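# Reading the structure
Here are the chains, one letter per residue:
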Amino acid sequence: MRIDIITVVPGLLDGPFAHSILKRAEDKGLAAVRVHNLRDFSTNKKKQVDDYAFGGGAGMVMMIEPIARIIEALKSERAYDEVIYLTPDGETFNQNMANELSLKGNMIMLCGHYKGVDERVRQRFITKEISIGDYVLSGGELAAAVLTDAIIRLIPGVLNDETSALTDSFQDGLLAPPVYTRPAVYDGMEVPEILLSGHQAKIDDWRFEQSVRRTKERRPDLMEGKDF
Ligand code: 6GU
């Protein structure tokens, strides 16, 4: 899978893909993330990528031509399954969407800025509009980093047993149970005895009960339609 991210602030995305699981995915050849500066595709001398809104009002609008140029250039190199626009008025991202997107081939992510993109960009090029939650960020870059992380770690072969996605919170629709490591006693605080018992079936039952309890307490909305 290749992810091409289009942004007016490429510096914001310098860090996240060079580390840890995302770096390993790239090193193994399972995923590649490339960041493109939209300004390099500006069609005028001033390297302008935004302009005043027709009809007036505060805030600039991202112009269609530079965006069209970079998307056409990318599409001439390879096929893309999705062109995603990161915007606060998109569909709210969740684990189901991450699972679905992890099965795709290549993707383009366009980061919104200013007052957003000219509506015709959405009509002509965008296949999905995604938000990461009900709050406003300065631009779509951090949202693109969030999607990229959530998607790439689900590609088969990226995670090993230690980091397996199968036991993540949300992967089975429940929050994860509490976890412990050495020491078995810290300043009088003991690890639940069952975890030291060696009875794997009982440990699995305990973890499931803890998951259900934690989900009921913290996220009762996730329990709807579940019969335990
Ligand atoms: Cl995708 N973009 C911006 N600017 N703000 C957001 C967002 C995206 N998702 C939540 N807030």
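Up top you'll find the structure we're talking about.
Everything numeric in this text was worked out from a predicted model, so none of it was measured. (Residues numbered from 1 in each chain as written. Predicted model: local features only at pLDDT ≥ 70, side-chain atom pairs only at ≥ 80, totals over all residues.)

### Things to note about the site of the ligand
Using the following cut-off: Placing a C-beta atom from the backbone of each residue, we mark the residue near a molecule or strand if the atom is within 6 Å of it. The secondary structure listing takes helices from DSSP runs of H or I that are at least 4 residues long and strands from runs of E that are at least 2 residues long, numbered from the N terminus. Gly is placed with the polar residues, together with every amino acid not listed as nonpolar (Ala, Val, Leu, Ile, Met, Phe, Trp, Tyr, Cys and Pro) or charged (Asp, Glu, Lys and Arg).
Taken together, 13 residues sit near the ligand, with L86, P88, S131, L137 and A143 positioned nearest. Per-element accounting of the shell around the ligand gives the leading share, three residues, to strand β5 (residues 82-92). In the shell around the ligand, the residues fall into seven nonpolar, six polar and no charged.

### As for the pairing of strand β6 (residues 107-111)
Our working definition: To sort residues by exposure, count the other C-beta atoms lying within 10 Å of each residue's C-beta; 20 or more gives buried, 12 or fewer gives exposed, and values between give partly exposed, all with C-beta atoms placed from the backbone. What makes two strands pair is DSSP finding at least two bridges between them. For the handedness criterion, the strands are oriented away from the viewer, and a crossover whose path from the first strand over the helix to the second runs clockwise is classed as right-handed.
Counted residue by residue, β6 has five buried out of five residues, so it is predominantly covered. Every second residue of β6 is oriented toward a common face, with M107, M109 and C111 on one face and I108 and L110 on the other, all of them buried. Sheet topology note: the strand β1 (residues 2-7)/β6 ladder contains four bridges and is parallel. Within β6, the position partnered with I3 by the bridge is M107. Of the strand pairs in this sheet, β5 and β6 are connected by five bridges, and their pairing is parallel. Residue pairing across strands places E82 opposite M107, the latter belonging to β6. As a crossover connection, the stretch from β5 through helix α3 (residues 95-102) into β6 is right-handed.

### Section: helix α5 (residues 141-152)
For the record, the criterion: Multiply 1.5 Å by the residue count of a helix minus one, and that product is the helix's expected span.
Its twelve residues place the ends of α5 16 Å apart at the C-alpha level, agreeing with the 16 Å of an ideal helix rising 1.5 Å per residue. Of all the residues in α5, the buried ones are E141, A143, A144, A145, L147, T148, I151 and I152.

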